[in-house]
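So the chains spell out like this:
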Amino acid sequence: MFAFSVSFLGTVKRTGQNTRSDAVITKRLEKLKEQPREKLPPRWCFATEMLSTDERTRQLNGTCAGSVDMELFLHFSLIPSLFIILVLSFLQKWEHHRHRDDTSYLLENHFGIIIPLDFVGTFSNRWSYGIAFGATANKIMFLFSEGYQSLQIPQWAQAFVLLIGGFEVGLSHFPFFACLSSEFRLVSSILGFSYSLIWFAVTILHITQCPHGQFLGRYETLIFYWPSLLCLFFLLGCFLHMFVKSLRVLLGWQLQTEEKRFLEVHQAEHVKQLLKKPPEQEKKKSWFQTRIYEWDPCFQFPSRMIGTTVLAFICLYLFIVIEFCVFVYVRDELDVFEGELENYITSVNQTGTLTPLILQVKELMNVTKGVWVVTILPASLTCVSYLFHILACYRKHMKRLWAGNKHFLPLKFRNPSSSESVVAIARYSGWQIAYFLWGYLIIHVVQSLCGMVIMYSLVLPVIHNRGLEMLQGLGIGILTISIVLGLMILQAWIAASFFLQPRTGTADKQKPLALNNRKVFHNFNYFLFFYNVLLGLGACLSRLLISCILGTWLIARIDRTIMQSGYERADMGFTAWIGMLYVDHYHTNPVLVSFCHLLITGHRERRLQQAITYGCLNQSSGPCISARSRTRWLLLQTLINNPRLVMLRKPKSGHGSQESTQILLRRSESRHSPPALLQRPFQDDCP
């Protein structure tokens, strides 16, 4: 549906002002102008003036041919993009040395692999990466429909064409991310600023040459491109800040800070919080913290989540604009059709047999147009709330996984496949955006249908002076539903009052599941059997209706499955969400990262000690303590203080080890102080 609407827009844009709809609208406007002004209601006069102004704007921009073609510029932007990638790759060196028999030594260890973004463990410059993702929104929304769908290729090859188009979009915007993540800050800031300036200047030129459009009228191009302009302007400021900072470091005016840390600050704070004793009395939380969101200084969203949120928000805005453009076109077509119906009614002097049906059709079109416009706001607000709610669910699920709690996951997802999880983190961002767009459209359609039901059941009867009939029908419907629900509640009350045995204890909250008055119970079931058959028909329809409403309402929620229990794997979006959670859990768990940080730090310290020549600098200071003896001494102290660990040690062959084990056990049982030999560590000479 979305691809069709965008393709439809692209086709209409190419036709210009020679389309049939514009000609029909012009003829209709001429007929309206020829009619006497006093016969037209005031609202029609105002609408005629507005339509004529909008028509002139459309005609003006239908012939607008700017010197900048954004689609062609996208193709040519690959040249500077490849140049920037080659420069950054030349500066990047291989981390691991190859064998000398390999031909890579001819490159002198240059042309390393550069990454645009670490999708797993990047927590710095999160908003910069998010804005860089936002700069790609226009191309994601419009490129395929305008640039690739027009190619004469077979239907089965469309997937390959879209794949090539996706690679082209990614390659054209690769310098934004590569320059943000490069270690060579001075060179990358210059290249990133130049490339962003080119895109910013070309976009400004495209807007100034053809600012208006055929659907939204004035400033239509600006409405489409202002999010990209804002993102590009932010990137210009970001690269300028990088250049100034790196230049100050180069001149020695500022110390160079470590850009990439293995252990982030919030991860270390999370581990410290786990080691602290929990407070006896929790702080009182506000209503906002309890009901909506509570900020946690020990948790940060990765750059992937921030970028997905920013890009989804901009794509949702562009999708709403495209949808409104399609609505404007369909509305104009319906206005032309409505004009033809008016001509027919006028020709038959409102005495034709089809006149009542035509009036109902006109009323249906007017109601549909009004309801569709009104429901744009609640549908968009619903999807925007989902954006923030998914972030909150991501933090909640990650904290549960860190704590080892997997009970919130279905049983089939508690031990996912490693390959599926790796693929899931690559799919998540794109699928999340697609789910949001489709979710908005489906939610909009459902809300429009609900609005139509409200209009035809409550509003239109009052307008047509049938309010009493409407109230009567509404009262009968409410009374019928109330009686049905009352009978269901009555059955439950009778069962609890007469057919269950009394409580066995005063502390019991409910009666035990033990039947009482069995003969009456069997008669009760027999006579209500036939009524419950009819009641089950309505319950089945209500089940279907509620499932459809909840399914369509939650279609944009990729963090919640809409499948029944046992069929969760059929929900590919939820599978991608679970796989993404597990990848982040295994790679960004603060406890695991802190442990690895301690291992790396200790390894570096040991290598530093090995680099220093061991020797006794001062022989008079006494013998040195070797690392092996110190380790054995610490092990012995640990075993004495924790005697249960002695039984868990791996047994060694030999009679001496068994005797030492028994001695340690007896020593720990006697709880005496260690002998004089253990009061000082073992000593031997330095190697």
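Note that the structure is a prediction, hence the values are computed from the model and not measured.

J.: Just give me the short version of the pattern of salt bridges, but keep the residues and values in it.
T.: A complete count under the given rule lists eight salt bridges for this structure. The residue Asp-296 makes a salt bridge to Lys-399 at a minimum N-O spacing of 2.3 Å. Here the residue Asp-296 occupies a position in the loop between helix 13 (287-291) and helix 14 (303-347), and Lys-399 occupies one in helix 16 (residues 376-402), the gap between them amounting to 103 residues. Linking Asp-584 and Arg-304 is a salt bridge whose minimum nitrogen-to-oxygen distance equals 2.4 Å. Residue Asp-584 is located in helix 20 (residues 572-588), and its partner Arg-304 is located in helix 14; the two are separated by 280 residues in the primary sequence. Given a relative accessible area of 0%, Asp-584 falls into the buried group.

J.: An account of the environment of Ile-433 is requested, with residue identities and associated values reported.
T.: Along the chain, the position of Ile-433 falls in helix 17 (residues 418-463). Separated by 122 residues in sequence, Ile-433 and Leu-311 have C-alpha atoms that sit 7.6 Å apart. Excluding anything up to four places from it in sequence, Ile-433 contacts Thr-308, Leu-311, Ala-312 and Cys-315.

J.: Could you give me a rundown of the confidence of the model for the protein chain, with the residues and numbers involved?
T.: Mean pLDDT over the protein chain: 78, with 78% of residues reaching 70 or higher. Of all the helices and strands in the protein chain, helix 2 (residues 20-34) carries the lowest mean pLDDT, 41, while helix 16 carries the highest, 92. Contacts for the low-pLDDT stretch residues 1-54, under 50 throughout, to residues beyond four places or in other chains number 61 contacts. Confidence over residues 671-687 falls short of pLDDT 50; this stretch has 20 contacts with residues more than four positions distant or in other chains.

J.: Would you mind going over the packing of aromatic side chains in detail, with residue names and values included?
T.: Between two aromatic rings, the relevant description is the distance of the centres plus the angle of the planes. Taken as a whole and assessed by the stated rule, the structure comprises 21 aromatic pairs. For the pair Tyr-526 and Phe-527, a centre-to-centre distance of 5.2 Å together with 80° between the ring planes defines the contact as edge-to-face. Neither Tyr-526 nor Phe-527 differs from the other in exposure class; each is exposed. Ring geometry for Phe-529 against Phe-530: centres 5.2 Å apart, planes inclined by 80°, an arrangement best described as edge-to-face. Given a relative accessible area of 48%, Phe-530 falls into the partly exposed group. A connected cluster of aromatic rings, assembled from ring pairs, spans Phe-299, Phe-301, Tyr-394, Trp-402, Tyr-428 and Trp-577.

J.: Mind laying out unusual backbone geometry, listing which residues take part and the relevant values?
T.: Residues other than glycine seldom take positive phi values, yet Asn-465 does so here, at roughly 60°. One can find Asn-465 in the loop between helix 17 and helix 18 (467-498). Backbone geometry places Asn-517, a non-glycine residue, at a positive phi of 55°. Take Asn-517: it is sitting in the loop between helix 18 and helix 19 (518-553).

J.: Give me the lowdown on helix 11 (residues 220-250), citing residues and values where you can.
T.: The end-to-end C-alpha distance of helix 11 is 46 Å, a good match for the 45 Å that 31 residues give at a rise of 1.5 Å each. Along helix 11, the sharpest kink reaches roughly 45°, centred on Trp-226 and followed within four residues by the proline Pro-227. Note on helix 11: the residue one or two positions beyond its end, Gly-252, has a positive phi of about 85°.

Calculation rules
Residues numbered from 1 in each chain as written. Predicted model: local features only at pLDDT ≥ 70, side-chain atom pairs only at ≥ 80, totals over all residues. Heavy atoms only, no water. Salt bridge = Lys/Arg side-chain N within 4 Å of Asp/Glu carboxyl O. Helix = DSSP H or I, 4+ residues; strand = E, 2+ residues; numbered from the N terminus. Buried < 20%, exposed > 50% of the residue type's maximum accessible area, 1.4 Å probe, protein only. Contact = heavy atoms within 4.5 Å. pLDDT = per-residue confidence, 0-100. Phe/Tyr/Trp six-rings, centres within 6.5 Å; stacked < 30°, edge-to-face > 60°. Expected span 1.5 Å × (residues − 1). Bend = angle between axes of the 7 residues up to and from the residue.

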